[in-house]
Amino acid sequence: MNLPVNIVFCCDDAYADKLAVAAYSLLRSNPSSVALFVIDCGISEKNKQLVYSLQTKCHNLVSVVFKNPDRIACFDNFPVSPWFSSAIFYRLAIPEIFPDIARAIYLDCDVIVNADITELWHTDLGNCSFSALNDEGNFLLSEDAERRKKVAGIPLNRIYMSSGVLLLDSQKFVESRILERVIEVIKNHHGALVCPEQDALNICIGEDEYVPLDPRFNFTPFANLAKKRIREGIVPAIIHYSCMKPWTFNRKLVDWLYKSHLFRYELGFIKKYWHYSDDIDPNGYSAQTVKVTIKALYKRVFGPIEYFVAKKVRNKIIRIFRCFLQKRRG
């Protein structure tokens, strides 16, 4: 008998419904049996029942385990923001929270699994303790990666790693003291890191300490290199909505734009998310404002153009100012 694939999520109540959608998409897209483990950072009983209900929908879900982590005091003092809570840090404590799991796949809650991930599960980690995506395409603009590296003090010639999807070898992860190293880095940066645990991983983990993840298993459709990959024939297995959140879009406007052949690439991925979320809660994302939808699409299409123009203008002003100084000195 094949052992189940161990999948770990971590969230508080704000993302628990998204967790249910992600887990449902995983179960629908994979023939293998799955054991689901959830690090519970404050999930309501209602949303727990939403996840438990997947056992009746998907017979390959063999178990669901919620576990409240022992509070790690320093996590409560680390910086948070409107788009993440202290729950993000607990992914690095998976071996301590679930010590009986030898190997696990960690998934952010803002994903859907769109294909079989058996290949990911069986990835050979060699002497490394985990696998993660190390591709700059995760960023909407290449300048975003450069700016993130400068803030974190990461050399510009190093690839930036994403922690949204991880394959962990628990024993090696503990032996490598990754959790302790990340905590130390965050403390030393005194709140300056934009995405604290991810930036800290990139600071303290050497390029030879992890196995690069195939981009199919952490595909960000709205990122810098995404369209190019699609044209090259990549079939995304795990779609990561880190730049644009499907649940913020207005259903009627999206349907109208899509039928009008506008933004079909972007909206195709939004509708793909709804394909799974509708089975969990058909009315869940139908009341979002038109304004939010238009703003997100505007930013997606015109954001890079605005940034390019602003950069050109800024550089021109700098050149004029330098010429002025040189004349004054002369």
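Observations concerning the overall build of the protein chain
Each helix and strand counted, the protein chain has 14 helices and nine strands in total. Looking at the 330 residues of the protein chain, the share that counts as buried comes to 49%. In the protein chain, the proportion of contacts linking residues at least 24 apart, taken out of those at least 6 apart, comes to 78%. Accessible surface, the protein chain: about 16500 Å² in total, of which carbon and sulfur atoms supply 55%.

Comments concerning the nonpolar core
In terms of nonpolar packing, the biggest core is built from 64 residues, with Ile 7 and Ile 117 touching the most fellow members. In terms of residues, this core owes the most to one element, helix H1 (residues 16-29), which gives nine residues. Those residues in contact with Ile 117, other than ones at most four positions away along the chain, are Ile 7, Leu 26, Asn 30, Ile 105, Phe 217, Ala 237 and Ile 238. Residues Ile 39, Phe 75, Val 182 and Val 185 belong to the second largest nonpolar core, which totals 43 residues.

Concerning the confidence of the model for the protein chain
For the protein chain, mean pLDDT is 86; residues scoring 70 or higher make up 86% of the total. Looking at the elements of the protein chain, mean pLDDT is at its lowest for helix H14 (residues 290-329), recorded as 66, and at its highest for strand S4 (residues 103-107), recorded as 98.

Remarks on the pairing of strand S1 (residues 5-11)
Of all seven residues making up S1, seven are buried, and the element is well covered by its neighbours. Residue alternation in S1 divides its side chains into two sets, Val 5, Ile 7, Phe 9 and Cys 11 and Asn 6, Val 8 and Cys 10, and both sets are buried. In the sheet, S1 pairs with strand S2 (residues 34-40) via seven bridges, with the strands oriented parallel. Bridge assignment links Val 5 to a residue of S2, and that residue is Val 34.

Quick notes on the rules
- Residues numbered from 1 in each chain as written.
- Predicted model: local features only at pLDDT ≥ 70, side-chain atom pairs only at ≥ 80, totals over all residues.
- Heavy atoms only, no water.
- Helix = DSSP H or I, 4+ residues; strand = E, 2+ residues; numbered from the N terminus.
- Buried < 20%, exposed > 50% of the residue type's maximum accessible area, 1.4 Å probe, protein only.
- Contact = heavy atoms within 4.5 Å.
- Areas by Shrake-Rupley, 256 points an atom, 1.4 Å probe, with all protein chains shown as cover.
- Core = buried A, V, L, I, M, F, W, Y, C linked by side-chain atoms within 4.5 Å.
- pLDDT = per-residue confidence, 0-100.
- Pairing = 2+ DSSP bridges.

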